[in-house]
Structures are given as structure tokens and as C-alpha cells.
Amino acid sequence: MKKKDKYKEYYDYICPKCSTKIFIEKGKKMPSMFCRKCLQSNQLTVLRLIR
């Protein structure tokens, strides 16, 4: 196994209301730009990218 295969790069997102962290692998599509916990309570909150 190569080192590139061993370590994957991720994007880190956070919900500003409930502080839920979401990790998405680079190169994959994100299912939604909204926090799932906030969607259930009908509060649309767009996730923010952590740099």
C-alpha cells in the first residue's frame, strides 16, 4: 500500500447553530449543504467550511 492510499484528505464542515462537525473526503460530493439535525427541526443552517 502506498502512502497516498493510507492518508486521505478531508474537508471539514461545521454547523454554526449546533456545532456538529462533518468530514467529507476530497473528490466526493456532499449530500447536502445543510445540517441534518437542524433540518429535522426546520431550521435551515448552511454548513461552513473550516480552513
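Cut-offs used in this document
Residues numbered from 1 in each chain as written. Predicted model: local features only at pLDDT ≥ 70, side-chain atom pairs only at ≥ 80, totals over all residues. Heavy atoms only, no water. Pairing = 2+ DSSP bridges. Helix = DSSP H or I, 4+ residues; strand = E, 2+ residues; numbered from the N terminus. Buried < 20%, exposed > 50% of the residue type's maximum accessible area, 1.4 Å probe, protein only. Patch = residues over 30% accessible without salt bridge, like charges linked within 9 Å, V, L, I, M, F, W, Y side chains within 5 Å. Areas by Shrake-Rupley, 256 points an atom, 1.4 Å probe, with all protein chains shown as cover. Salt bridge = Lys/Arg side-chain N within 4 Å of Asp/Glu carboxyl O. pLDDT = per-residue confidence, 0-100. Axes fitted to C-alpha atoms, helices over the stretch in contact; angles between N-to-C directions.

With that out of the way, let us pick up the pairing of strand 2 (residues 21-25). The pairing of strand 1 (residues 10-14) with strand 2 spans five bridges and is antiparallel. Paired with Y13 across the strands is I22, a residue of strand 2. The hairpin formed by strand 1 and strand 2 contains six residues between the paired strands, and S19 there has a positive phi angle of roughly 60 degrees.

Assignment of secondary structure puts R36 in helix 2 (residues 36-40). Accessibility expressed as a relative area gives 62% for R36, which makes it exposed. Taking the C-alpha atoms as reference, R36 lies 9.3 Å from T20; in sequence the two are 16 residues apart.

What follows concerns a nonpolar patch on the surface. Residues M33, F34, L39, L44 and V46 make up a contiguous nonpolar surface patch of about 430 Å² in total accessible area. Positionally, F34 belongs in the loop between strand 2 and helix 2. According to the relative accessible area criterion, F34 is partly exposed, its value standing at 30%.

Turning next to the confidence of the model for the chain. Taken over all residues, the pLDDT of the chain has a mean of 81, while the share at 70 or more is 88%. By mean pLDDT, the top-scoring element of the chain is strand 1 (89), and the lowest-scoring one is helix 1 (residues 3-6) (59).

What follows deals with the sheet that holds strand 2. Taken in spatial order, the three strands make up an open sheet running 2-1-3, and their pairing is antiparallel. Pairing within the sheet leaves two strands with one partner each, and these edge strands are strand 2 and strand 3 (48-50). Averaged over neighbouring strand pairs, the angle between their axes works out to 40 degrees when direction is ignored. Here three bridges tie strand 1 to strand 3, and the two strands are oriented antiparallel to one another. Bridged to I14 within strand 3 is R48.

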